[in-house]
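# Structural description and commentary
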Amino acid sequence: MRALILSDIHANLEALEAVLAAAPAHDVVWNLGDVVGYGASPNEVIDRVRALGSMFVRGNHDRVCSGLPGIDDFNPIAGRAARWTQCVLSAEHIAWLRQLATGPMMPDGLHVACTHGSPLDEDAYILSMRDAWQPLAKVQTRINFFGHTHLQGGFATNGEEWFKLVPDYATHHEAEEYEIQLRDGVRYLLNPGSVGQPRDGDWRPAFALYDDARRTVGFYRVPYDVRLAQMRIVRAGLPDRLATRLRDGR
Ligand code: ZN
């Protein structure tokens, strides 16, 4: 069983199309939330991901952009983008976002859990080992995928030692893969990175592939038409910062 894992697409259609074109063969798609918010193509992106038949976990932007609580916790730019998204979303897409389930979600028959933020709190960011320590100590599942931080990589422990996992890429402009072998007795928190708004200093859309039989997780980066995504943001009247940050990967 091979699962394509997508997170934090954030209404960036150009990035999503590049990821789907480059994705290796897979049986299912797991989506870790924040399908919308920030980017200029929320309706198009929802149509595209729904057609993939993904398993979906709700993200905080999915919640807020569909009018559910949380906008007061957003910074001014995120709040402006959420209000814009709410105005342009079709009624059907708003209804779809509202029915998305809060994580953790467990794909059938696998010892895997999927969440948006922390397994302990959908709004909590796991940015450091300090943030990862409590969820890794408390979760029952060995392999845990999460998003929300827009940072590709993760954290792991065998109960004694603690590891930070950061994919090591050779370039900043080509399509690349970085694979890790999952080890027995180790518990993992793994982030596929953000498709539509990476923040790890690498502008390339990020995603991951979980291979149950080979016991591997592949991390990927692919180039895309970032200028087109930026142009759509500017033309939509969304804050300029949402366009410039795409090229910086911040
Ligand atoms: Zn996000």
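Here the structure is a predicted model, which is why all the values come from computation and not from measurement. Note that residues are indexed from 1 along each chain, following the sequence as it is written. With the structure being a predicted model, the display of local features is reserved for residues of pLDDT at least 70 and the display and counting of side-chain atom pairs for 80 or more, all residues being used for whole-chain, interface and lining totals. The side-chain figures draw on all heavy atoms in the structure; neither hydrogens nor water molecules are used.

## Observations concerning the packing of helix α7 (residues 226–235) against helix α8 (residues 240–248)
To be explicit about the condition: Axis definition: a line fitted to C-alpha atoms, over the contacting stretch in the case of helices. Angles run 0 to 180 degrees between N-to-C directions. Secondary structure follows DSSP: runs of H or I at least 4 residues long count as helices, runs of E at least 2 residues long count as strands, and numbering of each begins at the N terminus. Oblique is the label for any angle not covered by the other classes, which are roughly parallel (under 35 degrees), roughly antiparallel (over 145) and roughly perpendicular (65 to 115). Only heavy atoms matter for contacts: two residues are in contact if any of them lie within 4.5 Å across the pair. Each residue is assigned to one class: nonpolar for Ala, Val, Leu, Ile, Met, Phe, Trp, Tyr, Cys and Pro, charged for Asp, Glu, Lys and Arg, and polar for all the others, Gly among them.
Axis separation between α7 and α8 bottoms out at 8 Å; the angle between their running directions is 170°. By the angle class used here, α7 and α8 are roughly antiparallel. Residues V226, A229, Q230, I233 and V234 of α7 pack against D240, L242, A243, T244, L246 and R247 of α8. Partitioned by chemical class, the residues of the contact of α7 with α8 number seven nonpolar, two polar and two charged.

## Considering helix α2 (residues 42–51)
As a reminder of what qualifies: Here's how the labels work: a residue is buried when its accessible area is under 20% of the maximum for its type, exposed when over 50%, partly exposed in between, all with a 1.4 Å probe on protein chains only. Regarding the arc, it is the one traced by the directions from the helix axis to the C-beta atoms.
Burial in α2 covers these residues: P42, N43, V45, I46 and V49. The buried side chains of α2 occupy one side of the element, clustering within an arc of 160° when seen end-on. Its buried side turned inward, α2 meets α1 (13–22), β2 (28–31), β3 (55–56), α4 (76–88) and α5 (91–98).

## Considerations on the sheet that holds strand β7 (residues 162–165)
Selection criterion: Think of it this way: DSSP has to see at least two bridges between two strands before they count as a pair.
An order of β4-β5-β9-β6-β7 is seen for the five strands of this open sheet, with the pairing classed as mixed. Either end of the sheet is taken by a strand with one partner, and the two such strands are β4 (112–114) and β7. Each neighbouring strand pair of the sheet contributes to a mean axis angle of 15°, computed without reference to strand direction. In this sheet, strand β9 (residues 187–191) lies alongside strand β5 (residues 143–145) in parallel orientation, the contact comprising three bridges.

## Points about the sheet that holds strand β11 (residues 216–221)
Taking strand neighbours across the sheet as the criterion, the six strands line up as β3-β2-β1-β10-β11-β8 in an open arrangement whose pairing is mixed. Of all the strands in the sheet, just β3 and β8 (176–181) have a single pairing partner and so form its edges. Here strand β1 (residues 2–6) runs beside strand β10 (residues 206–211); their pairing, made up of four bridges, is antiparallel. When the bridges of β10 are listed, I5 appears paired with A208.

Such coordinate-based values are descriptive only and should not be taken to indicate function.
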